[in-house]
Amino acid sequence: MGRISQLSLAFGLTFSLAVPVLADDIIIGGALSLTGVQAPLDEAGLKGAEVAVKYLNEQGGVLGKQLKLINIDGKSDPVVVGNNAINAINQGAKLIIAPCDFDFGGPASREAQNADLVGISTCASDPLYSSWSLGDKQFTLAMWNTTMGATAAEFAYKERNWKTAYVVTDQFIAYTKSLSKYFTQHFKDIGGEVLLEDSYTQGAQDFSAQLARLQALPNKPDVIFISSYMPDLGTIIRAIREVGITTPIIGGDSYDDPSLFDALGERFGNDVYFVGHTWMGPEAHPDMPKFIDLYKAQFGSEPDTSFVATGWDTVMMMAKAIEVAGSTDGAAVAKALEETEFDLLTGKLSYSNAELGHQPNKSAAIIAVNAGKPSFLGWRRVESQPNP
């Protein structure tokens, strides 16, 4: 296990460019977005990564060296993200942390690949985030949408006996489109019926046309699957609930957003479910309380979303892979990632090889929302899932 304890595997400081970097420091570069539409996901991940870096350094670092984290705001702009990854690499970064989305994070991983470095997205889940499209040294910490969509479908059909569905897909980014695709495909494969597939575009802030089509269905669906994200996700769910439709609603990890719970509140935030990365409590992992204590000590409050854990896990996985590899060489670290199973706050994770896409083999958390408050229903492993 080397210098990294078992606690570390389950478990800092956005690096200021004014802080001196020692010649033997291991620099982790990032282009996580702290402004714009991507910020709610990336900022949480960055905080988790900061806690991990601080913790590891207090334990003696990695391979006897201290870690330094350089993150340059990607500003939710793919071009800026790519340029900032280059900037971090030019400052000596040996690994790259990429934003939590294929559209926004892909440019950072492409630059890491160009520099023969390992890049890891904190939580991009579209199967496009693969070695097939980004290169043999690129990974994502998250489950793919094949797993996320299939988990939602199996929970709905097999556990809750919801046999029919109405599906809404936000057309803005690859994540929302592929999540609906894999939910719909798997729901049908296991015997479910999709009564209507509808579309929405982030920013419209008007769900009236879709609502009219939903209400016009001759048969009421057993479940509504909505693939979107805040702020419009709250608008969509409120519109459905405000007209008295109490049908269960289910979706993916974009629901793991405290602003959604606030937007729905006690009145509208009921019978809502989502597939997420983990639960911020001891029920999810025995080391979660320790992480929460470390986070609280560093930031003064408890984390309010599991996306902080994806940042922690990304750094901890990098550190373990460096130790296994015995160096920061990109090919050696990639090989270590392929050959190691990681016990993380976001579940046990292993990867396929590069030829098979670096597909993540991972569990998923099921979260329920009632009276505007989330609760943990447990971990799930899908029985099968669509091919990417």
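Structure report, in brief. (Residues numbered from 1 in each chain as written. Predicted model: local features only at pLDDT ≥ 70, side-chain atom pairs only at ≥ 80, totals over all residues. Heavy atoms only, no water.)

## Observations concerning the nonpolar core
Argument step 1. The biggest cluster of nonpolar side chains holds 79 residues, and the ones touching the most others in it are Ile226 and Phe291.
Argument step 2. Looking at which element gives the most residues to this core, the answer is helix 12 (residues 307-325), with eleven residues.
Argument step 3. Not counting residues within four places of it along the chain, the set of residues in contact with Ile226 comprises Val168, Leu233, Ile236, Ile237, Ile240, Ile249, Ile250, Gly251 and Tyr255.
Argument step 4. If you look at the next biggest cluster of nonpolar residues, it comprises 26 residues, including Phe183, Phe187, Val223 and Ile366. (Core = buried A, V, L, I, M, F, W, Y, C linked by side-chain atoms within 4.5 Å. Buried < 20%, exposed > 50% of the residue type's maximum accessible area, 1.4 Å probe, protein only. Helix = DSSP H or I, 4+ residues; strand = E, 2+ residues; numbered from the N terminus. Contact = heavy atoms within 4.5 Å.)

## Quick word on helix 10 (residues 258-268)
Argument step 1. Buried within helix 10 are the following residues: Leu260, Phe261, Leu264 and Phe268. The buried residues of helix 10 occupy one face: seen down the axis, they fall within an arc of 120 degrees. Exposed side chains of helix 10 directed beyond 90 degrees from the buried face belong to Asp262 and Glu266.
Argument step 2. Of the surrounding elements, those touching the buried residues of helix 10 are helix 9 (232-242), strand 10 (272-276), strand 14 (364-370) and strand 15 (373-380). (Arc of directions from axis to C-beta.)

## Overview of the sheet that holds strand 14
Strand-to-strand pairing in sheets goes through backbone hydrogen bonds, with the strands running parallel or antiparallel.
Argument step 1. If you trace the seven strands from one edge of the open sheet to the other, you get 7-6-8-9-10-14-15, paired in mixed fashion. Two strands in the sheet have a free side with no partner beyond their single neighbour: strand 7 (193-200) and strand 15. Within the sheet, the average angular offset between the axes of one strand and its neighbour, ignoring direction, is 20 degrees.
Argument step 2. Two elements, strand 14 and strand 15, share seven bridges in a ladder whose sense is antiparallel. Within strand 15, the residue paired with Ala364 across the bridge is Arg380.
Argument step 3. The strands touched by helix 9 are strand 7, strand 8 (223-227), strand 9 (249-251) and strand 10; relative to strand 8, the strand with the most contacts, the crossing angle is about 160 degrees. (Pairing = 2+ DSSP bridges. Axes fitted to C-alpha atoms, helices over the stretch in contact; angles between N-to-C directions.)

## A word on the sheet that holds strand 2 (residues 67-71)
Argument step 1. Taken together, the five strands give an open sheet; going across it, the order is 2-1-3-4-5, and neighbouring strands pair in parallel fashion. For this open sheet the edge positions go to strand 2 and strand 5 (138-140), each flanked by a neighbour on one side alone. Taking the axes of each pair of neighbouring strands and ignoring which way they run, one obtains an average angle of 20 degrees across the sheet.
Argument step 2. As paired elements, strand 1 (residues 26-30) and strand 3 (residues 95-98) share three bridges and run parallel to each other. Note on strand 3: the bridge partner recorded for Gly30 is Ile97.
Argument step 3. Packed onto the sheet, helix 12 meets strand 1, strand 3 and strand 4 (118-121) and runs at close to 160 degrees relative to strand 3.

## Concerning the packing of helix 9 against helix 10
Argument step 1. Axis separation between helix 9 and helix 10 bottoms out at 9 Å; the angle between their running directions is 10 degrees. With respect to helix 10, the element helix 9 is oriented roughly parallel. Classified by chirality, the crossing of helix 10 by helix 9 is left-handed. Taken together, the residues of helix 10 that come into contact with helix 9 (itself represented by Leu233, Gly234, Ile237, Arg238, Arg241 and Glu242) are Leu260, Ala263, Leu264 and Phe268.
Argument step 2. A per-class count over the contact of helix 9 with helix 10 returns six nonpolar, one polar and three charged. (Parallel < 35°, antiparallel > 145°, perpendicular 65-115°, else oblique. Left-handed = near helix turned anticlockwise from the far one by under 90°. Nonpolar A, V, L, I, M, F, W, Y, C, P; charged D, E, K, R; others polar.)

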